[in-house]
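Descriptive analysis of the structure
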Amino acid sequence: MACRFIEADDELIELLKCESENKNTKRSTGYWKGIFEKWAKTRGKEEQLESYDIPELNEALSQFYAELRKENGQDYEPDSLKVMQAALDRHLRSKNYPKSIVRDTEFLSSRKVLEGKARKLREQGMGKQSKKQNKATKQKA
């Protein structure tokens, strides 16, 4: 009779953890983490997100969000900014960072910077527009 339970070593457990992650999610997390690291390097700041203490990370993220542009100098779409924030939060969670940059109040000011930037970009016509914005645009025409 076959044994109902197998012995799982650390290698098998790590393999199963890696298999649980969606490849695109993993790619997105690595992409945005890399952009933060490049930005930090150009500013002479610590490149590893998880090495910042909470107030320092909040301040660094505020500056990063405000300065972030594509390599060609254009702004990212507002929805891409939310994807970026979620990816950085996923990375921090994977490193057992004590707080969430998406939910915890300690990161309220950096979230406001990101939300303000997204709002400004939408006002400039980037990204999806709300029904209210669409109605206002149609009335002007």
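Per chain, the residues get numbers from 1 upward, laid out in the order the sequence is written. Local features in this predicted model are restricted to residues whose pLDDT is 70 or higher, and side-chain atom pairs enter the listing and the counts only when it is 80 or higher, whereas totals over whole chains, interfaces and linings include all residues. Think of the side-chain values as coming from all heavy atoms in the structure, minus any hydrogens and water.

1. Description of the packing of aromatic side chains
- Between 30 and 60 degrees the pair is tilted, below 30 it is stacked and above 60 it is edge-to-face, where a pair is any two Phe, Tyr or Trp rings, Trp via its six-membered ring, whose centres lie within 6.5 Å. Considering all chains together, one arrives at 7 aromatic pairs under this definition.
- Among the aromatic residues, those joined into a ring-pair cluster are Phe-36, Trp-39, Tyr-52, Phe-64 and Tyr-65.

2. Observations regarding the pattern of salt bridges
- In what follows, salt bridge is the name for a side-chain nitrogen of Lys or Arg lying within 4 Å of a carboxyl oxygen of Asp or Glu. Evaluated as defined, the whole model comprises 7 salt bridges.
- Across the pair Lys-33 and Glu-37 runs a salt bridge, and its minimum N-O distance is 3.1 Å. One end of the pair, Lys-33, and the other, Glu-37, are both in helix 2 (residues 23–43), 4 residues apart, so they sit about a helical turn from each other.
- One salt bridge connects Asp-75 with Lys-117, and the closest N-O pair in it is separated by 3.9 Å. Only DSSP runs of H or I reaching four residues or more are called helices, and only runs of E reaching two or more are called strands; each is numbered from the N terminus.

3. Details of the UniProt feature "domain: QRICH1-like" (unreviewed entry) in the protein chain
- The UniProt entry lists residues 41–112 under the feature "domain: QRICH1-like" (unreviewed entry), expressed in the numbering used here.
- As annotated, residues 41–112 comprises 54% helix and 0% strand, and the C-alpha atoms at either end are separated by 24 Å. UniProt positions are given in the numbering used here, feature names are shortened, and annotations may be inferred rather than shown by experiment.

4. What about the environment of Ser-109?
- Tracing the backbone shows Ser-109 in helix 5 (residues 108–123).
- Classification of Ser-109 as partly exposed rests on a relative accessible area of 39%.
- With 48 residues separating them in the primary sequence, Ser-109 and Leu-61 have C-alpha atoms 9.3 Å apart.
- Contacts were defined at the residue level, with two residues in contact if any of their heavy atoms lie within 4.5 Å. For Ser-109, the contacting residues outside a window of four places in its chain are Asn-58 and Ser-62. Partly exposed residues are those whose accessible area sits between 20% and 50% of the maximum for their type, while under 20% is buried and over 50% is exposed, using a 1.4 Å probe and protein chains only.

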